[in-house]
Each structure stands twice: as C-alpha cells, then as structure tokens.
Amino acid sequence: MDLFPPASSESAEHLRRVQTLTDAALAHLTVESLLDELLTRIRQLLRADTAAVLLLDEPNAELVATAAKGIEEEVEQGVRLPVGGGFAGKIAATGKPVILDRVDHGKVLNPLLLKRGIRSMLGVPLVVGGRVTGVLHVGTLVPRKFTSSDIELLQLVADRLALAVRARSEQEHRVIAQTLQRSLLPDRFPHVEGVAIAGHYSPARGGMVGGDWYDVFLIGLDQLCVVVGDIAGHGAPAAIAMARLRNAVRAMVFLDEAPAKTLSRLNDFLMHFDPGVMATMLLGIISPDGTMRYANAGHMPPVYVDGHGKGQVIEGSAEPPLGGVDFINYRERLLNLEPRSRLVLYTDGLVERRGRPLEVGLEALRAAAETDWTTLETLKHRVLEGGAGADQNDDDLAILSLSFGSQEADELHTTLEADPRELATLRRTFRRWLADAKADPQQTQDILVAVGEAVTNSIEHAHGPGRGLIQVTGVNTDGLLEITVRDRGAWREPRGEHRGLGRSVMRQLMDDVKISTDENGTVVTMHKRLR
Amino acid sequence: MEDEIQLKVSRQGDRLLVFWRGDVDMANVTTLEQRTLGTVQNSDSTVIIDLTDVAYLDSAGIRSLLTIRRRLEDRQQQLSLVLPDDSLLRKALEIGGVPSVIPVHPSVAALEP
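Residues numbered from 1 in each chain as written. Chains lettered and ligands numbered in written order. Predicted model: local features only at pLDDT ≥ 70, side-chain atom pairs only at ≥ 80, totals over all residues.

Q: Honestly, the overall build of chain A in this entry has me stumped. Any pointers?
A: Within chain A, the secondary structure is distributed over 13 helices and 21 strands. For chain A, the residues scored as buried account for 39% of the 531 residues in total. Residue pairs at least 24 apart in sequence account for 64% of intrachain contacts in chain A once pairs closer than 6 positions are excluded. (Helix = DSSP H or I, 4+ residues; strand = E, 2+ residues; numbered from the N terminus. Buried ≥ 20, exposed ≤ 12 C-beta atoms within 10 Å, placed from the backbone. Contact = placed C-beta atoms within 7 Å.)

Q: Help me understand the overall build of chain B, please; the structure alone is not making it clear to me.
A: When helices and strands are counted, chain B shows 4 helices and 5 strands. Ordered by position from the N terminus, the helices and strands of chain B form the series β-β-α-β-α-β-α-α-β. Relative to its 113 residues, chain B shows a buried fraction of 36%. Counting contacts in chain B only where the partners sit at least 6 residues apart, residues at least 24 apart contribute 69% of the total.

Q: Which parts of the structure should I look at to understand the sheet that holds strand β2 (residues 15-24) of chain B?
A: In a beta sheet, neighbouring strands are held together by backbone hydrogen bonds and run either parallel or antiparallel to one another. Residues and elements named next belong to chain B. Pairing is mixed in the open sheet, where 5 strands are placed in the order β1-β2-β3-β4-β5. Two strands close off the open sheet at either side, each with one partner strand: β1 (5-12) and β5 (104-105). Taken together, the 5 bridges between strand β3 (residues 46-57) and strand β4 (residues 78-82) define a ladder with parallel strand orientation. If you follow isoleucine 48 over to β4, its bridge partner there is serine 80. In the packing of helix α2 (residues 59-74) onto the sheet, contacts are made with β2, β3 and β4, and the angle to β4 comes to roughly 145 degrees. (Pairing = 2+ DSSP bridges. Axes fitted to C-alpha atoms, helices over the stretch in contact; angles between N-to-C directions.)

Q: Help me understand the sheet that holds strand β6 (residues 131-140) of chain A in this model?
A: All names here are of chain A. Spatially, 6 strands are ordered β3-β2-β1-β6-β5-β4 in an open sheet, and the strand pairing comes out antiparallel. Taken across any chain shown, the strands that pair with only one partner, and hence form the sheet edges, are β3 (80-82) and β4 (98-100). Here the average twist between neighbouring strands, direction ignored, is 25 degrees. Summarising the sheet, β4 and strand β5 (residues 120-128) pair through 3 bridges and their orientation is antiparallel. Bridged to isoleucine 99 within β5 is leucine 122. Helix α6 (residues 148-184) contacts β1 (50-57), β5 and β6 of the sheet and is inclined by roughly 40 degrees relative to β5.

Q: Teacher, can you tell me more about the nonpolar core here?
A: Most often, soluble globular proteins keep nonpolar side chains buried together rather than apart. Membership of the largest hydrophobic core comes to 63 residues, with the highest contact counts inside it found for Val226, Leu263, Leu345, Tyr346, Leu365, Ala398 and Ile399 of chain A. Each residue touching alanine 398 of chain A, except ones within four places of it in the same chain, is listed here: Tyr201, Asp212, Trp213, Tyr214, Val228, Tyr346 and Thr347 of chain A. Judged by nonpolar contacts, the second largest core, of 58 residues, contains Ile470 and Val513 of chain A together with Leu72 and Leu88 of chain B. (Core = buried A, V, L, I, M, F, W, Y, C linked by C-beta atoms within 7 Å.)

Q: Just to check I follow, could you spell out helix α9 (residues 358-370) of chain A for this structure?
A: Every α-helix carries 3.6 residues per turn, so stepping three or four residues along brings you back to the same face. For α9 of chain A, with 13 residues, the first-to-last C-alpha span of 19 Å sits near the 18 Å given by 1.5 Å per residue. Gly361, Leu362, Ala364, Leu365, Arg366, Ala368 and Ala369 of chain A are the residues of α9 of chain A that are buried. (Expected span 1.5 Å × (residues − 1).)

Q: Hey, could you run me through the interface of chain B and chain A in this one?
A: The accessible area lost on association of the parts is a frequent measure of interface size. Counting residues at the interface gives 18 residues for chain B, matched by 22 residues for chain A. Listed by contribution, the elements that provide at least two residues to the side of chain B that touches chain A are α2 and α3 (90-95) of chain B. The element that contributes the greatest number of residues to the side of chain B that touches chain A is α2 of chain B, accounting for 5 residues. A per-class count over the side of chain B that touches chain A returns 10 nonpolar, 2 polar and 6 charged. (Nonpolar A, V, L, I, M, F, W, Y, C, P; charged D, E, K, R; others polar.)

Q: Just checking my understanding: could you explain the pairing of β2 of chain B for this structure?
A: Here is the key point about a regular strand: its side chains alternate between the two faces of the sheet. Residues and elements named next belong to chain B. Bridge count between β1 and β2: 8 bridges; the pairing is antiparallel. Within the sheet, the bridge partner assigned to arginine 11 lies in β2 and is leucine 16. Taking the residues between adjacent antiparallel strands as the criterion, β1 and β2 are bridged by 2 residues, where glycine 13 takes a positive phi near 60 degrees. Since β2 and β3 lie parallel, the crossover through helix α1 (residues 29-39) that links them has a hand, and here it is right-handed. (Right-handed = clockwise from strand over helix to strand, strands pointing away.)

Q: For this particular structure, what's the right way to read the packing of α1 of chain B against α2 of chain B?
A: Angle between the axes and distance between the axes: these two values describe a pair of packed helices. All names here are of chain B. Where α1 meets α2, the axes come as close as 10 Å, and the angle between the chain directions of the two elements is 25 degrees. One finds that α1 runs roughly parallel with respect to α2. The two elements α1 and α2 cross, and the hand of that crossing is right-handed. The residues of α2 that touch α1, namely those facing Val29, Leu32, Glu33, Thr36 and Leu37, are Ala60, Gly61, Ser64, Thr67, Ile68 and Arg71. (Parallel < 35°, antiparallel > 145°, perpendicular 65-115°, else oblique. Left-handed = near helix turned anticlockwise from the far one by under 90°.)

Q: Would you mind showing me how to read helix α7 (residues 235-255) of chain A here?
A: Residues and elements named next belong to chain A. In a regular helix each residue adds 1.5 Å, so 21 residues correspond to 30 Å; α7 covers 31 Å between its end C-alpha atoms and thus fits that length. Residues of α7 that are buried: Ala238, Ala239, Ile240, Ala241, Met242, Leu245, Val249 and Val253. Those residues of α7 hidden inside the fold are in contact with α6, β8 (210-219), β9 (223-234), α8 (259-273) and β10 (279-286).

Q: Could you clarify how one ought to interpret the packing of α6 of chain A against α7 of chain A in this entry?
A: Residues and elements named next belong to chain A. For the pair α6 and α7, the least separation of the axes is 8 Å and the interaxial angle reads 25 degrees. Here α6 is positioned roughly parallel relative to α7, judged by the angle of their axes. Considering the relative orientation of α6 and α7, their crossing is left-handed. Contacts between α6 and α7 involve His173, Ile176, Ala177, Leu180, Gln181 and Leu184 from the former and Gly235, Ala236, Ala239, Ile240, Met242, Ala243 and Arg246 from the latter. Looking at the contact of α6 with α7 residue by residue, the classes come out as 9 nonpolar, 3 polar and 1 charged.

Q: Help me understand the pairing of strand β15 (residues 342-346) of chain A in this model?
A: Residues and elements named next belong to chain A. In terms of burial, β15 is largely enclosed, as 5 of its 5 residues are buried. As paired elements, strand β12 (residues 303-305) and β15 share 3 bridges and run antiparallel to each other. Residue pairing for β15: valine 305 is matched across the bridge by arginine 342. Relative to strand β16 (residues 397-404), β15 runs antiparallel, the two sharing 5 bridges. Bridge assignment links valine 344 to a residue of β16, and that residue is serine 401.

Q: How should I be thinking about the confidence of the model for chain B in this particular structure?
A: The predicted coordinates of low-pLDDT regions are not to be read in fine detail. Here chain B averages 92 in pLDDT, and 95% of its residues register 70 or above. The ipTM value of the predicted complex is 0.92, and its pTM value is 0.49. (pLDDT = per-residue confidence, 0-100.)

Q: How should I be thinking about the confidence of the model for chain A in this particular structure?
A: In this model, chain A carries an average pLDDT of 85, and 88% of its residues clear a pLDDT of 70 or more. This model gives residues 1-7 of chain A a pLDDT under 50, and the stretch forms 1 contact once residues within four places in sequence are excluded.

Q: Mind showing me how you'd approach the environment of glycine 323 of chain A here?
A: Residues and elements named next belong to chain A. With respect to the element layout, glycine 323 can be found in the loop between β13 (311-313) and β14 (333-336). Considered as a pair, glycine 323 and leucine 266 are 57 residues apart in the sequence and their alpha carbons are 8.2 Å apart. Each residue touching glycine 323, except ones within four places of it in the same chain, is listed here: Asn267, Leu270, Met271, Asp274, Val277, Met278 and Ala279.

Q: Explain unusual backbone geometry here, please?
A: In terms of backbone geometry, most residues other than glycine have negative phi values and most peptide bonds are trans. Residues and elements named next belong to chain A. Even without glycine at this site, arginine 340 takes up a positive phi of about 65 degrees. Note on placement: arginine 340 falls in the loop between β14 and β15. The exposure class of arginine 340 is partly exposed, given the 18 C-beta atoms found within 10 Å. In this structure, lysine 438 is a non-glycine residue whose phi angle is positive, near 65 degrees. Lysine 438 sits in the exposed class, given 12 other C-beta atoms within 10 Å.

Q: Help me understand the environment of aspartate 395 of chain A, please; the structure alone is not making it clear to me.
A: Residue and element names in this part refer to chain A. Mapped onto the elements of the fold, aspartate 395 is located in the loop between α10 (376-387) and β16. Looking at aspartate 395, the number of C-beta atoms within 10 Å reads 20, which means it is buried. Taking the C-alpha atoms as reference points, aspartate 395 and glycine 210, 185 residues apart in sequence, are found 7.9 Å from one another. If near-sequence neighbours (up to four positions away) are discounted, aspartate 395 is found in contact with Ala204, Gly210, Asp348, Gly349 and Glu352.

Structure representation (structure tokens):
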C-alpha cells in the first residue's frame, strides 16, 4: 500500500500558486517593483484580465489607483473613488471581500472598468493592524465564478502588499522628519573669542524626532544670538513647523536685536500663519560685555554655573508659549555672564519624566551642570541617571551650552593613549604651553612632574590590560593654571613600597590637588599660581 | 622611548660612575634600572649615579633610585648621587625623601677624597 499518496492535483496546484506568491526573491524588491510583480503573478494565477491596487487616502476618504495590470490607464488617469460607494468603496468600507459575478453600472463606479467590458470582479481589502489601507481587485472580460480558493489567494497577496506599503510610508515619514530636523540644527557654530559653544540633540526612544531645536548665530560682528525651542508634536509635521519658526526667528532677530519684542512678534506670526501650532522658546542675545538679554515664552529656565562653579536654575515668572494667546508683551530679562561661567539651555526632554516632579529633574540638571563634563553627552547621562534612573530619554531633547572664558584664558586640550610612550610627547606639549604661560624653569619642572604623576597613575592602574584614553586639559587664567587629568578608571596608588609617593609628589609640587573618582572614572584637578 | 634616555658608564678604581642623560619616566625606568645594576661588579664599592644631565624625573625614577640603593646595600655596596645645587630635579627628590637615604653631591669633583 502506498503510505504517501501523491497530493491531489488540485491541492498541488494550490500549493504551487501560494509558492509563486511567497517567493523569497520578492523580499528584495522595492515597493513599486513588488506591486508590479505581484499584480502580474496574481493576474496569471487567477487567469484574470485586470488587476489593480487602490490605496486609501485617509484625510479625503478616497481610494487612489496606485498600480494596475490590464487597465494601466486607471493609474495614469489617477482614478479616485469614494470610500463607501461602488465596488471598491464597499470593500474599503466593510473590510470584507466582494465578488461581482456580473458587473453592472449600479455596482461599479469606475468608468474604466465598464468601458473595458469587465464582466466579473473579485476584490479584497488591504488590512494592517485591523485598519483598511486599500483595496486589491481583479477582473475578467468573460463571466466567471470566483471561488473561495481565489479569495484566499488574492487575500494572501493583499496582506503582503499592505505590510510593504505601510512599512514604506512609515519609513518615509521618519526619514523626512530626521533629515529635516538634522538640516535645521547648525552643523557648526560661529567663532566667538572666549566662548565655547556645544549643541546636542537626541531623538526620542525609537528614533522619533520631535519639534525640539537650537540655533546659534552672529548678528553684526559681535552679538551672539542663542535660541532653544520646542514645538508641540512629533514627526514630520513638528519638524516642518519648526523649520518655519526657526527661519522666522532668524529673520526677525536680524531686523531688530530685541529678544522680548521678537518673541511678541513671533507669537503674532504663529497666530496668523500657523494657527494651532504652539511652541516654547528661549531667545537670548549675548554681548561682548558679558551680558545676555533674553526673553522666555513658556520655555524651561536656563541653568547658569557661575565663575566659581556654583550652579543655579534662573527661575522667572512664567510667560505663555508662542501661539497660545493673542497679543502678548514678553518681558526682557538680563543675565550677567561671569568669566569662566557656563550657561546651559535645553528642552523639557532633559528634565521631565513621567511620574517625577519637574523640580527633581531641574535639580538633577543643576547638580550635573556643576560637575566637570566635557561633552553634552556626558552631561545628559548624568542628568538622566541623577534623575529617574532612566538611561534614555522618552521624549526628544536638545541641549545648548556656552562656556565663557576670561580674556586671558589660554587653554590646552590633549588626549592620549594609556601608553607609557605617550608621556614624552605629553611633556613636549606641556613645555610649549608652559613657555607661553611664562612659567619659570622650576615651575615648569614641578608642573611637568605633577602632570606626569597623574598620567602615569592613569596608565598604570586606571585601565588594566586594555588600552584607554586619557584627557589632559590646562587652563591659564591670568597666571593661575588649572590642570585636569581625566580617565575612566579608579585612582590607585602603586602597591608595595613607597605607597603614596606619586600623590605626595603632586601635592607638594602644586598649590592644591583634588582627586575625585566616580563611576565614570577619575579626575585629578590641580592648581598652581605662577605669579 | 629608549632614545629618551642614555646611559654611560666609567670606572675610577672601585668606584663605578653611571651617567644618566635625558628623561626618566615610567616608559624607560625599568630598563634603566636593570642596565644600571647590570654594570655593577662585585669589586665596586661605590656606585655613583650622575643626574646632572637628567631633564625629567618623577616618582617612578625616585622609586627606582631607592630600589637600586637597596639592591646595592644587600651586596654591601654604596650608592651616591651627583646633582648640581641648582638642579630642577632637587625638589621632587627631596619630596621623595631621597637625600635622607642616599648621599647627594653637587658634582663628581665634590666626591673626590
């Protein structure tokens, strides 16, 4: 007896057809080619004369002919059919397959199908996540009775198309929004003597961009304009609204360097041209005399770290966001920027967390801003860690920081591999810098040895067998040198004899030495006054 | 780097004179220490390390000098250093307590009996 009878010819044929439609090679096609290929195949398999896909244009409740075989004019003429009425409209409205054994005027609204002499039709919905996104239908020129197996096959194709089309449209939206967002953030900052500027933007979890942005530009020779804003909403619409607002800010500030007046005008601008769009914004103009005039339309307060390293949140009476209320007169505020101070402007994504009072986030930011952070990435992580224990932002966020040096500040920044051979190079770099700082030979020697001790310790103990990077910076403020050596390990004195020698040498050669270790590594900060 | 430090040796009777020249740091101190000790013979009663031409020396160098002294002491040999009075190295050596355990002379001539 034959244990494995051959499959009936009918089911074998069905299997072959399904394979035709689920061919792995199709996975590599673009959506357009996939539509084309699948329509060709389904037309052959079902021995139909026409095959067409209509996609739902949701805002207009219309089906738009997107691809067709046998009635290509349908696409060329951009046929649009209402949802609800007619053959395709009914499928879209009910989300169920429809068979027309005999086509007549009452049931079919598409004039092309009638003109072509289509006699029988079968259509199925394109469905993703329970929502109809379009219709796929086939038609024959001779009367035909479509079977449940035909419906099944057509639905298989429809499902496949629905997913591909949805994935493409989501991808397109995301790419548009990201590209736009990125193109709107300044890729370089104006060069202003004594001001170091840094900007950071992170999209929300999942890569979704929002309407957060920052901008920095010069007006005239020496007025520095800084902007941080947040448009309500996400994705492409928010990015587009942001683009319009950003350019409006630039144009208005260019004409009148008055922050408060500019915000009032921007409010009028939004109410007039973009009703429904709401935005918060902080706009500041920094003069070379070290003052910032600014105005705040419902935005997060600036965080200011003074010249002695003390941070504070510059609270002020809250004023409404742009686009919320007609005719507002914003108030102009003033902030004095001391030498060696830092200013941090940001959007709410940095400090706001679900289930946490805003004060906690603001305090986390204030405390983090006081610490030694070299990059905004570091600052961001410290705030997020210090706040809710969340290591990632739920919302998108933007940060803009400005560090102000004194006129005489002369800085040295260098990064070296944790490799003893780098020590000689580092000494050469420091000798040059110390010569510029007019250090005498003994001061030069003392500082070289102190830096050498700190870096040697980093090399020996901070990194273990793996290689790491060590950052060394020097700041000369009117003859007071501050030198920091930063690594990612823990400070450890050599074992055995003469323990603590390196540390003691450093302490006695410099005016003061501070060693702090946290989870990010060790920072040695030391000072020496030259005169 | 090896070329950052040079070592020269000369012998006067039972005194071994070792000249260090260049920068002494973590990168070369082990080699320098081994080479210095390698030149010492049993007949030497005193080893003099001349630091006059050393431009840089930190705690790695100080530790090494103290190690050399202990090794020599184990063999009943003495270590002395030559360091000019105005040497920039003096401060670090003093912080490291070197002059309290190793005699320091301002010049080779000052060592002459």
